[in-house]
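A structural walkthrough
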Amino acid sequence: MVNSTYKKIIIFIFMLIIIIPLILTLINPKEINLSNEDKIKKPTFIENNSLNKNYTKDFEKFFSTNFTSRDKFIEYNSLLRYKLFNLGASDKVIVGKNQWMYLNDTLEQYNGKKTYTDDTLKRFKTNMEEKKRFLNRSGIEMLVVIAPNKNSIYPEYMPSNNPKLRDTNSTDEFFSYMKNNSHVNILDLRENLISNKSKKEIYHRTDSHWNHLGASIAYKEIIEESSKLLPNFNLKPYNIEIDYNPKDSKLKGDLSSMLLLDKYTKDNSTSIKGNLNYEYKAYHDNDKEIRTESYDKTLPKAVIFRDSFSIYLQPLLSQNFSEALYIWGTRHDNLRDAYFDSNIILNNKPDIVIIEIVERLMDGLTMDFHQ
């Protein structure tokens, strides 16, 4: 008898969970776009003075994307998967150990499944050498900077069900080939970042990017390498002090945002202390182009093609160039090569061109160079 009553209560609660959202949606529908679906309007029986034969299908689509409290259902489902099973509710995010998160797009580079053929490696070499020759003819130096994926620096927090398939990966193949077959200046930041990660976290846990500490390590290495290429300038990295708090963050990480977990996760909080030696001169079209000027006019000029890893780099690098123009590569979809535009370079006449590109997008460096 008790078991029968218990089963009836469970069934009743289950039916309420199913029916209440339907009733509320019919009374007061709310269009919600948390998961980026196209909003769908509530269908009607009559459309264009005739019976809507697709009403049932249309209503099903409408209800599945617009039912009242849908956002909370999705949010709580994501939270339960995260807290109870250490899983993400999005196939774009890998939830690792100690609640570290990784971008799924980086998995095949990390585990070694992705490889480069000899033809692809030759294309890297050919296209970057053509860019270097083009710049050198105008007395301009070139530096390529690969910003490492987070799991290249913190592999220890990747989940155990995603093991490495081999000791090396496609990024190792790229650096090895270019070192042995080309004179293009390419900066591999991995070793320096790994050697500096033991004291404090240098990447965000809930975001795919480095924090200010990681960016400051990369900054120093970029300026030191640029100084070798530009010996006529007194280029030295500034001593940058970073404020670091490991558990007091209001950061809305790109990975935790994909999982709808911003309210439930904590991350390291970082910021730059003190004043910096430059000023902004121009912003264009949602940061597609940023122009800065250092207070020291004896420094070289730079054009920097970049992606989101330069958000924290830009304030630091700007101190070391009398003028710097930042071009956000991934936001220039109309360009044949978003990370190298000869017209922009020739119009600005820099002393150095820096190409900063994240490891997971580095295949873009194989794009044919068109002057």
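What comes next concerns the included structure.

**Some points on the pattern of salt bridges**
- Tallying each qualifying case throughout the model produces 13 salt bridges.
- A salt bridge links Glu156 to Lys197; its shortest N-O distance comes to 2.9 Å. Here Lys197 lies in the loop between α8 (190–195) and α9 (212–229) and Glu156 lies in the loop between α6 (150–153) and α7 (170–181), a separation of 41 residues in the sequence.
- Three or more residues are tied together by salt bridges with common partners; here these are Asp172, Asp188 and Arg190.

**Things to note about the sheet that holds strand β10 (residues 289–294)**
- If you walk across this open sheet you meet the 7 strands as β6-β5-β13-β11-β12-β10-β9, and the pairing is mixed. What marks the edges here is a single partner per strand, and that holds for β6 (186–188) and β9 (278–284). Within this sheet the neighbouring strands show an average axis-to-axis angle of 20°, counted without direction.
- In this sheet, strand β12 (residues 323–328) lies alongside β10 in antiparallel orientation, the contact comprising 5 bridges. Residue Glu289 lies in a different strand from β12, and its bridge partner there is Ile327.
- Across the sheet, α7 is in contact with β5 (141–147) and β6; its angle to β6 comes to roughly 140°.
- Along the sheet, α9 makes contact with β5, β6 and β13 (352–358), crossing β5 at roughly 160°.

**Quick look at the packing of helix α5 (residues 118–137) against α7**
- At their nearest, the axes of α5 and α7 sit 10 Å apart, and the two run at 55° to each other. Considered as vectors, α5 and α7 are oriented oblique to each other. Both α5 and α7 take part in a crossing whose hand is right-handed. Only Glu173, Phe174, Tyr177, Met178 and Asn181 of α7 make contact with α5, whose side of the interface consists of Leu121, Lys122, Phe124, Lys125, Met128 and Glu129.

**Re α7**
- With 12 residues, α7 extends 16 Å between its outermost C-alpha atoms, agreeing within 8% with the 16 Å of an ideal straight helix rising 1.5 Å per residue.
- Buried within α7 we find Ser170, Thr171, Phe174, Phe175, Tyr177 and Met178. For α7, the arc enclosing every buried residue in end-on projection is 165°, short of the 170-degree limit, so these residues lie on one face. Among the exposed residues of α7, those oriented more than 90 degrees off its buried face are Lys179 and Asn180.
- For α7, the secondary structure elements touched by its buried residues are α4 (107–111), α5, β5, β6 and α8.
- Looking at where α7 begins, the residue whose side-chain oxygen comes 3.1 Å from the main-chain nitrogen of Thr171 is Asn169.

**Let's talk about the packing of aromatic side chains**
- Scanning all chains against the criterion turns up 16 aromatic pairs.
- A centroid spacing of 5.2 Å and a plane angle of 70° characterise the contact between Phe174 and Phe175, whose relative ring orientation is edge-to-face. For the residue pair Phe174 and Phe175, the accessibility class agrees, reading buried in each case.
- With centroids separated by 5.4 Å and ring planes inclined at 70°, the aromatic side chains of Tyr278 and Tyr280 adopt a geometry described as edge-to-face.
- According to the relative accessible area criterion, Tyr278 is buried, its value standing at 10%.
- Tyr280 sits in the partly exposed class, given a relative accessible area of 36%.
- What links up through ring pairs into an aromatic cluster is the set Trp100, Tyr154, Tyr157, Tyr203, Trp210 and Phe309.
- Geometry around Tyr102 places Lys150 over its ring, the cationic atom sitting 5.2 Å from the centre.

**Re the environment of Leu261**
- With respect to the helices, strands and loops of the structure, Leu261 is situated in the loop between α10 (254–258) and β8 (269–272).
- With 55 residues separating them along the chain, Leu261 and Thr206 place their C-alpha atoms 9.3 Å apart.

**Regarding the side chain of Ser294**
- Mapped onto the fold, Ser294 is located in strand β10.
- You can call Ser294 buried: its relative accessible area is 0%.
- Sequence-distant contacts of Ser294, defined by excluding residues within four places in its chain, comprise Asn277, Tyr278, Leu299, Ser318, Gln319, Phe321 and Ser322.

Calculation criteria
Residues numbered from 1 in each chain as written. Predicted model: local features only at pLDDT ≥ 70, side-chain atom pairs only at ≥ 80, totals over all residues. Heavy atoms only, no water. Salt bridge = Lys/Arg side-chain N within 4 Å of Asp/Glu carboxyl O. Helix = DSSP H or I, 4+ residues; strand = E, 2+ residues; numbered from the N terminus. Pairing = 2+ DSSP bridges. Axes fitted to C-alpha atoms, helices over the stretch in contact; angles between N-to-C directions. Contact = heavy atoms within 4.5 Å. Parallel < 35°, antiparallel > 145°, perpendicular 65-115°, else oblique. Left-handed = near helix turned anticlockwise from the far one by under 90°. Expected span 1.5 Å × (residues − 1). Buried < 20%, exposed > 50% of the residue type's maximum accessible area, 1.4 Å probe, protein only. Arc of directions from axis to C-beta. Polar contact = N/O pair within 3.5 Å; in protein donor to acceptor, adjacent residues only side chain to side chain. Phe/Tyr/Trp six-rings, centres within 6.5 Å; stacked < 30°, edge-to-face > 60°. Lys NZ or Arg CZ within 6 Å of the ring centre and 35° of its normal.

Function cannot be read off these values alone, since they describe shape.
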